[in-house]
Structures are given as C-alpha cells and as structure tokens.
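So the chains spell out like this:
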Amino acid sequence: MFTQAEERSFGLAHSVFLLVGVWLLYQLLKALYNVSPLHPLSHFPGPKLAAATYLPEFYYDVVKFGCYTKEIGAMHEKYGPLVRINPNEVHCNDIAFADAIYAVGGRKRDKPIHQVNGTALGQAGFGTVDHDVHRMRRSPVAKFFSRAMIAQLEPDVQRLVQKLCDKLLTQSKPFDVTMAYSCFTSDAISGYAFGESFGFLEQEGWYPNFREPTAAVLQPVFIFRFFPWTKASASLGKLFVDYLPKDIALMIRTLQIDLPGRIRNVKSNIDADVHLDRPNIFDSLLRSDLNALDKEPQRLTDEAGAVAAAGTETTSWALAVMTYHLLKQPLLLDKLTQELEGVVDDATKLPDWTVLEHLPYLSAVIQEGLRLSYGVSARTARIATEENLIYRGEWNKKPVELVVPKGYAVGMSAAVTHHNEGTFPHSNEFVPERWLDDQNQRRKDMDRSMLAFSKGSRSCLGMNLALCELNLCLTALVLRVLPHMSLYGTTYEDVAYHHDMFIPMTKDNRGIHVTIQQ
Ligand code: HEM
C-alpha cells in the first residue's frame, strides 16, 4: 500500500513522463514531416539530419561554437550550389543568385526570426524582421550615410586618422594594433552618432576600447538564437555591472547606461529647443517623423547600439588584416607606397577620399582586405514574402533548377562566398592583383563577387563611411606608420578566419601584435 504523499508523487512523475513523451512524439512527427516530400523544401539537396532537425546547427554553433558556417561550406562541396541547412532554410554558394536573394526595388525581404533571435538589439533596424518596418526605421538613419553627408564628415575622419598615426608613432613597446584601430573607428562613429565622441584615441594607451567587449557580448549569440527567452537576462546586466568582468562591464555600461544617457541628453536638448551647429544622427532621428513608439528610449538605444557596434569592429578588423598582409609582403607595400606617393605630397594632409578611391592599387588592396576580413562572416538570410525565387545554375557540368518557395529563408555567408575558388583562386592568399586587369586598372566586374557589405535593401548602411575611413586611414598608415612597424610574434593564424560569432574570429583571438622602430 502507498501513502497519499507517495501516490501524489507517482502521479506527478507520471504526468511529467507523459508530457515529455508527448513532446518527443511531436518532435519526431515534425522531423518526419520535415524530411517528407510534403515539406516545401524537400527538393533541396543536403544532409537528412539537417533537413529533419536543428540538431546539426545546434551542435556546430552552440556545442563546437560558431563552426556551422565552415560545415555549410563543406556541404556545398558535396551537394552543390544550393543546400538545405536546417528544416526551414536554404544556403547558396552562387553569387549570381545574390541579387535575387537580397533584392532591391520594392521586392519585400524579411529577415528570418531564427537569425534575428541571435541579436539582443531586437528593436534596431538591423534586428527587424518585417520588411516594411525595417524600411521605415532605416530611412531616417540612411540619409546620414549618403556620399554627400560623408563628404561633410570627412574633415573629422582626416583629423582622427592623423591622431591615430601620431599616437602609433609614439609607441615604444609591442602592442596589439587591432585595439588601436578599434579606438579610431569607435571615435569616428560615436562623434557622428551622438555629437560627442567616445574619445578613445585621447586616452593614454589603447584601453578601454570596444574590441574585446564586443567579442564578450557576442558570445551568447547562438544561445540567444536557440533559446530566445534567455535574452531577458541581457537586460539585467546593468544591475550587476560592478561585479562583471571588466570587458563585459564596459559594453553593458555603454549599451545599457551610457547610450540611453546620451539619447536622453539629445532629447532634453530638443525639448529645450537647443539647435546644434552640426546635427547628429540621434538628434535627427528624434526630430524625424518616425512614429512615437519608434522614438521610445529603448528602441533608440538598440539603434544606437547597432550603429556603434556595426561601425566599429568591421572596419577596424579590415584595417588590421590589411596591415598584417602588407607587413608580411613588403613588395606589396612598396607597390602601394609608390602609387600613393604619386598623389600625396604631405602625408599629414591627405587628398580627399574621392581622389584616393580612384587609385587602382589602393582600391585593390582595400577590396582584398575586405574579402579576407569578411565584415559579417556568418550567414545572413532573407525571406522573399511575395514571390518564389527561381535558381538556375550548374553543378558538375549539369544544369540545376531549384525553386525557393516564398516564405522560406535563403542566405549566403561571406566566409563561404569569399573562398569560392572558381572566383578567387588560392582564396586564402592575399593577392590584390586579382582585382586588377592587364593594364593594372581595377576590374569593377569583380566587385559583384563580394559580399562584404552584403547586398540589397538591408545591405550595410555605413558603407560610404567605412570606405572613407579605409581609404584615408590606409593611405596615412602606409606613408607614415608602416615603414616603422614590424609584426611581433604574430602569425597567419592570428588573421585567418577560424569560426564566427556573426563577425569572424581567429583561432585564439590573440590580436595582431606589432612594434614601432623609433
Ligand atoms: C568594413 C566595414 C564594414 C563592413 C564590411 C560592414 C558589413 C555589413 C554587413 C555585411 C551588413 C549586413 C548584415 C546583415 O545582413 O544582417 C551590415 C549592416 C549594417 N552596417 Fe555595416 N559594415 C561595415 C561598416 C559599417 C559602418 C562604419 C557602419 C556605420 C554606422 C555600419 C553600419 C551598419 C548598419 C547600421 C547595418 C544594418 C543595416 C540594416 O539592417 O538596414 N557598418 N554591415
């Protein structure tokens, strides 16, 4: 005979087993449906387990950490240009299909919720699922990044470039140059966004900066993706900021305390009818005709976080990759120096970005640097909500025709596309010449093969700023600093893509250490 308490606990255990059993049965039936011919993606090639469940993606991204992109690259070698990488998503390794996937001209493209779940900045344009809401949020920010607006900002970038070079030349001990570049790019975007720069270049050394903190806050990206409810924990960060490791604390303080504070300041200036000589992005956003909900402090803080994060590490990593390869291959550095000396008389007073960008070899070095720094290395997918996407290509000399049905995600990854050996032979090598023709002029047709800034309606908003920074900064570095700089214990492993947390990561993330000969 059982006591009443024992009967109650048996009853509870029985209910739990039943619930788990029903859940498992449901998962099994769903997996069977996913691989059955009834599923709209059933005609796509790929591993059966990936078609049935998210387990392979979970294993490679969460357990092995950020390795699914590499696995996807291997799937393309086995299955062809389009593969099914999870029950609801297809991945493409044919740049000819990119314009259909990313689309411009009013063709609607949502972002998949599974992808957006990975970001804690869900209310920024960048983290917005719906095409129309994204358009509404992007356009008031976009006007700040037109070529005309960046031309107005250029004197500030020129000043920061010279400040960076002056400071680099005073370094007497080995240091990690990625930190220096991160200080430069953060100062450039923060001044423009909030009217007041973070001032990282002003400080004594290179710390603090956003490089390691960005890596620290991106750590949970895959956990968030699979367990979106854990994102709630991110907002608790500010309560524990004094007890967190210093990297994470800096980012939490910036995202949850400093940025909301800056936005409140901008708002109180507007309320007090203060008009600035030079408008900044958030002043303009708060004055724009965005609806009241989109001007809520949390929404704008997410937008500020996205602009600050997107505008910092991508550009500074591209500079770091170019620095490494130019120091490693002095012949390339000589060739670039010769070209630059032809147009620059005094490296402390550079020509405009619009002059520099027409120099073929400088432009080729920047393209190659962008190719091997990737921007966003992980896949970024889109959902065509109103039309099927028809793919026509070739695989193993046989024609391939596949239809991605509307409502399903299809994406590409720079870390896969930029290593397509058909387009970029010896793709791991840094070869600026691949961007030049026989006459040493830029092969513009090659630009179509790049995904660094993504494409279409949700492509990089800050591309003009990034290119302005890269042209000016690389020119000044080559003429003023690199002749005095040497690598210090840095190897190819320290720049080579190894895994991703949305942005590319190297094996041990040691940075790029250099010394300056005085
Ligand atoms: C070398 C430099 C850069 C590279 C390679 C790069 C690359 C990218 C890529 C690939 C995306 C698309 C991400 C996706 O599809 O989910 C993106 C989006 C974005 N980038 Fe950049 N970026 C760079 C610099 C910048 C800078 C300097 C800013 C300045 C604010 C910026 C702001 C943004 C924003 C706001 C978005 C989101 C756009 C949207 O969703 O509408 N980026 N960037």
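Residues numbered from 1 in each chain as written. Predicted model: local features only at pLDDT ≥ 70, side-chain atom pairs only at ≥ 80, totals over all residues. Heavy atoms only, no water.

Q: Got a minute to help me understand unusual backbone geometry in this structure?
A: Of all residues except glycine, most have a negative phi; of all peptide bonds, most are trans. Geometrically, the link from Tyr207 to Pro208 is a cis peptide bond, its omega value of 0 degrees lying close to zero. One can find Pro208 in the loop between α9 (177-194) and α10 (211-218). Of note, His426 is a non-glycine position whose phi angle comes to about 50 degrees, a positive value. Inspection of the secondary structure puts His426 in the loop between α19 (414-417) and α20 (463-481). (Helix = DSSP H or I, 4+ residues; strand = E, 2+ residues; numbered from the N terminus.)

Q: When you look at the sheet that holds strand β1 (residues 82-86) in this model, what are you seeing that I'm missing?
A: Sheet strands pair via backbone hydrogen bonds, and the direction of the pair is either parallel or antiparallel. If you trace the 5 strands from one edge of the open sheet to the other, you get β1-β2-β8-β5-β3, paired in mixed fashion. Only two strands of the sheet have a single neighbouring strand rather than two, namely β1 and β3 (109-110). On the sheet, helix α4 (residues 68-79) packs against β1, β2 (89-92), β5 (379-384) and β8 (409-413) and is oriented at approximately 140 degrees with respect to β1. (Pairing = 2+ DSSP bridges. Contact = heavy atoms within 4.5 Å. Axes fitted to C-alpha atoms, helices over the stretch in contact; angles between N-to-C directions.)

Q: When you look at the coordination of the iron atom of the ligand in this model, what are you seeing that I'm missing?
A: Here the protein supplies the iron atom of the ligand with just one donor, Cys460 (SG), and that contact is 2.3 Å long. The topology assignment puts Cys460 in the loop between α19 and α20. (Donors = N, O, S within 2.8 Å, 3.2 Å for Na, K, Ca; no water.)

Q: Please clarify how the UniProt feature "binding site: heme" (unreviewed entry) in the chain should be interpreted in this entry.
A: In the numbering used here, UniProt assigns the feature "binding site: heme" (unreviewed entry) to Cys460. With sequence-adjacent residues up to four places away left out, Cys460 is seen in contact with Arg138 and Phe453. (UniProt positions renumbered as here; feature names shortened; annotations may be inferred.)

Q: I'm lost on the sheet that holds strand β9 (residues 485-487) in this one. Help?
A: The antiparallel open sheet is built from 3 strands, whose spatial order is β4-β12-β9. The sheet is open, and its two edges are formed by β4 (175-176) and β9, each paired on a single side. When β4 meets strand β12 (residues 513-516), the two strands line up antiparallel, connected through 2 bridges. Looking at β12, one finds that Phe175 is bridged to Val514.

Q: Got a minute to help me understand α20 in this structure?
A: Three- or four-residue spacings in an α-helix give side chains the same orientation, since the helix completes a turn every 3.6 residues. A rise of 1.5 Å per residue sets the reference length of α20, with its 19 residues, at 27 Å; its end C-alpha atoms lie 25 Å apart and thus fit the reference within 8%. By the criterion of burial, α20 is predominantly enclosed, with 18 of the 19 residues buried. (Expected span 1.5 Å × (residues − 1). Buried < 20%, exposed > 50% of the residue type's maximum accessible area, 1.4 Å probe, protein only.)

Q: Hey, could you run me through the packing of aromatic side chains in this one?
A: Any aromatic ring pair is given by two values, namely how distant the centres are and how the planes are angled relative to each other. Under the counting rule described, the total for this entry stands at 19 aromatic pairs. A centroid spacing of 5.7 Å and a plane angle of 25 degrees characterise the contact between Phe198 and Phe200, whose relative ring orientation is stacked. We note that Phe198, like Phe200, is buried. On the numbers, 5.8 Å between centres and 40 degrees between planes, the contact of Phe424 with Trp435 is tilted. Pair noted here: Phe424 is in the loop between α19 and α20 and Trp435 is in the loop between α19 and α20, with a separation of 11 residues, a long-range link. Assessed through its relative accessible area of 0%, Trp435 is described here as buried. Here the aromatic cluster, defined as three or more aromatic residues joined through ring pairs, consists of Tyr54, Phe58, Phe226, Phe227 and Trp229. Over the ring of Trp206 we find Lys167; its NZ or CZ atom is 4.4 Å from the centre of that ring. Between Arg371 and the ring centre of Phe424, over which it is positioned, the NZ or CZ distance is 5.0 Å. (Phe/Tyr/Trp six-rings, centres within 6.5 Å; stacked < 30°, edge-to-face > 60°. Lys NZ or Arg CZ within 6 Å of the ring centre and 35° of its normal.)

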